[in-house]
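Coordinates in review
Below are the chains, spelled out letter by letter.
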Amino acid sequence: MTKLPFHIKFGVLLIYLISKTWRISINYPSSKGVVAFWHGEMLPLWYSFGKYNSYALVSASKDGEILTALLELWGISVIRGSSSSGGKEALNLMIEYAKKDNFILITPDGPKGPANKIKAGAIITAIRANIPLYFARVNIKFAIKFNKSWDKFIFPMPFSRININFIEETYEKRDYDRKEVNDIISKLEDTVNN
């Protein structure tokens, strides 16, 4: 966080302090796995997993620097990379850490969208690490929604009530071809977007 300008550091600390007031209801998964969630709903998810051994995938962009500072305050380790930059290395690290009994936290429509469209990284990590994928759905009471942002980003207000539920997916094989992965993605999108 030392490299960030003062006003950015202040903003990060303010979000950190506000997060301490959120009233979150969540039934955590019974075993470690990949936790996927939409980019626009990401803040309460990351905050909720700070008390576990968790690794978050964060883009290598300047915005990713800011997010990394916040996640580290919450106690989450960070893997830098995305589908457009450093993707292969990041995928290999996610699989490696997943096999060591850590939660892997991924926004599968990030970092640039399109919103609510799943990229393959979360599913491939779960398949190759032989762990479940938990897709989180978030319901926030009292939030600011940024409708002009690509992800319709949601910021929970102080003392907001937040409910988080999971859809669990497991995969029988350790290797799927591209068509099979695309079919998995299509079915999962239908489930979580309806």
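Provided above is the structure to which this section pertains.
Just so you know, the residues in each chain are numbered from 1, in the order the chain's sequence is written. In view of the model being predicted, local features appear only for residues whose pLDDT reaches at least 70, and side-chain atom pairs are presented and counted only at 80 or more, with totals across whole chains, interfaces and linings using the full set of residues. Calculation of side-chain values draws on the structure's entire complement of heavy atoms; hydrogens and water are dropped beforehand.

**Here we look at the pattern of salt bridges**
Each reported salt bridge corresponds to a side-chain nitrogen of Lys or Arg within 4 Å of a carboxyl oxygen of Asp or Glu. All chains considered together, the criterion is met by six salt bridges. Across the salt bridge formed by K100 and E96, the nearest N and O atoms sit 3.3 Å from each other. Accessible area is worked out with a 1.4 Å probe on protein chains only. A residue is then buried under 20% of its type maximum, exposed over 50%, and partly exposed in between. For K100, a relative accessible area of 53% puts it in the exposed group.

**Quick word on the sheet that holds strand β2 (residues 34–36)**
We treat two strands as partners when DSSP finds at least two bridges between them. Numbering of helices and strands runs from the N terminus, with a helix taken as a DSSP run of H or I at least four residues long and a strand as a DSSP run of E at least two residues long. Across the sheet, which stays open at both edges, the seven strands sit in the order β1-β7-β6-β2-β5-β3-β4 with mixed pairing between neighbours. The sheet is open, and its two edges are formed by β1 (23–26) and β4 (77–80), each paired on a single side. Within the sheet, the average angular offset between the axes of one strand and its neighbour, ignoring direction, is 25°. In what follows, residue pairs with any heavy atoms lying within 4.5 Å of each other are defined as contacts. Inter-axis angles, ranging from 0 to 180 degrees, are taken between N-to-C directions of lines fitted to C-alpha atoms, where helices are fitted over the stretch in contact. Strands β3 (54–58), β4 and β5 (103–106) of the sheet are contacted by helix α4 (residues 87–98), whose axis makes an angle of about 150° with β4. Where helix α5 (residues 121–129) meets the sheet, its contacts fall on β2, β5 and β6 (133–146), and the angle it forms with β2 comes to roughly 165°.

**Quick look at the nonpolar core**
Residues grouped as a nonpolar core are buried Ala, Val, Leu, Ile, Met, Phe, Trp, Tyr and Cys residues, joined through side-chain atoms within 4.5 Å. Counting residues in each nonpolar core, the largest one holds 31 residues, and the members touching the most others are V35, F37, L45, W46, L71 and L105. Broken down by secondary-structure element, the contributors of at least two residues to this core are α1 (6–19), α2 (42–48), β3, α3 (62–73), β5, β6 and β7 (153–169). With residues up to four places along the chain from it excluded, the contact list for W46 reads F37, A56, L57, L67, L71, W74, I76, L105 and T107.

**Topic: a nonpolar patch on the surface**
Exposure above 30% relative accessible area and no salt bridge define the residues that can form patches, which grow by joining like charges within 9 Å and nonpolar side chains of Val, Leu, Ile, Met, Phe, Trp and Tyr within 5 Å. Residue burial considers only the protein chains on display, and all accessible areas are found by Shrake-Rupley using a 1.4 Å probe. Together, F142, I144, F146 and M157 line one region of the surface with nonpolar side chains, adding up to about 380 Å² of accessible area. In terms of residues, the nonpolar patch owes the most to one element, β6, which gives three residues. Tracing the backbone shows F146 in strand β6.

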